[in-house]
Amino acid sequence: MEARIARLEDFAKDSAAKLGSIENAVAELKTDVAVIKSNHSTRADVSEVSSQIRKELNDQTWKFIIATLGISSALTAAVFFIAKNVK
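Residues numbered from 1 in each chain as written. Predicted model: local features only at pLDDT ≥ 70, side-chain atom pairs only at ≥ 80, totals over all residues. Heavy atoms only, no water.

Enquirer: Would you take a moment to explain the overall build of the protein chain for this structure?
Expert: Summing up its helical and strand segments, the protein chain has 2 helices and 0 strands in all. For the protein chain, the accessible surface area stands at approximately 8,300 Å², while carbon and sulfur atoms represent 65% of it. Computed over 12 positive and 11 negative side-chain charges, the inter-centroid distance for the protein chain is 18 Å. (Helix = DSSP H or I, 4+ residues; strand = E, 2+ residues; numbered from the N terminus. Areas by Shrake-Rupley, 256 points an atom, 1.4 Å probe, with all protein chains shown as cover. Lys, Arg positive; Asp, Glu negative; His and termini not counted. Charge placed at Lys NZ, Arg CZ, Asp CG, Glu CD.)

Have a look at this one:
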């Protein structure tokens, strides 16, 4: 009977040590999850950035179209002027 009690006491000591290491691991995981939550973006963040990018691309597209039309009109006018006035 004494041998069984001694084995149970040894098992309790081992279990306490293992439980301590598990508690440390869980504490590390909690810290890691907190860091991940604080550093990663949410869907709202991604959606906001996506809409900003779309708006900027739209604005730049219209600027390019206007500039291209302006340059094309100027070149057309220059060619017309040269064709009409050069003899």
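Enquirer: Looking at this structure, I do not really get the pattern of salt bridges. What am I missing?
Expert: A side chain with one charge may pair with a side chain of the opposite charge, provided their charged atoms come close. Overall, the coordinates contain 1 salt bridge when judged by the stated rule. Between D59 and K55 there is a salt bridge; the shortest N-O distance is 3.0 Å. Note that D59 and K55 are positioned in helix α2 (residues 43-85) at a spacing of 4 residues, about one turn of the helix. By relative accessible area, D59 is classed as partly exposed at 29%. (Salt bridge = Lys/Arg side-chain N within 4 Å of Asp/Glu carboxyl O. Buried < 20%, exposed > 50% of the residue type's maximum accessible area, 1.4 Å probe, protein only.)

Enquirer: Got a minute to help me understand a negative patch on the surface in this structure?
Expert: Taken together, the side chains of E2, E9, D10 and D14 make up a negatively charged region of the molecular surface. With respect to the helices, strands and loops of the structure, D14 is situated in helix α1 (residues 2-39). (Patch = residues over 30% accessible without salt bridge, like charges linked within 9 Å, V, L, I, M, F, W, Y side chains within 5 Å.)

Enquirer: Would you mind showing me how to read the environment of N85 here?
Expert: If you trace the backbone, N85 turns up in helix α2. The class of N85 is partly exposed, set by a relative accessible area of 43%. It is 28 Å that separates the C-alpha atoms of N85 and I66, two residues lying 19 residues apart in sequence.

Enquirer: Looking at this structure, how should I read a nonpolar patch on the surface?
Expert: A cluster of nonpolar side chains, namely W62, F64, I65, I66 and L69, defines an oily patch on the protein surface of about 570 Å² accessible area. Mapped onto the elements, F64 comes out in helix α2. On the accessibility criterion, F64 (59% relative accessible area) is exposed.

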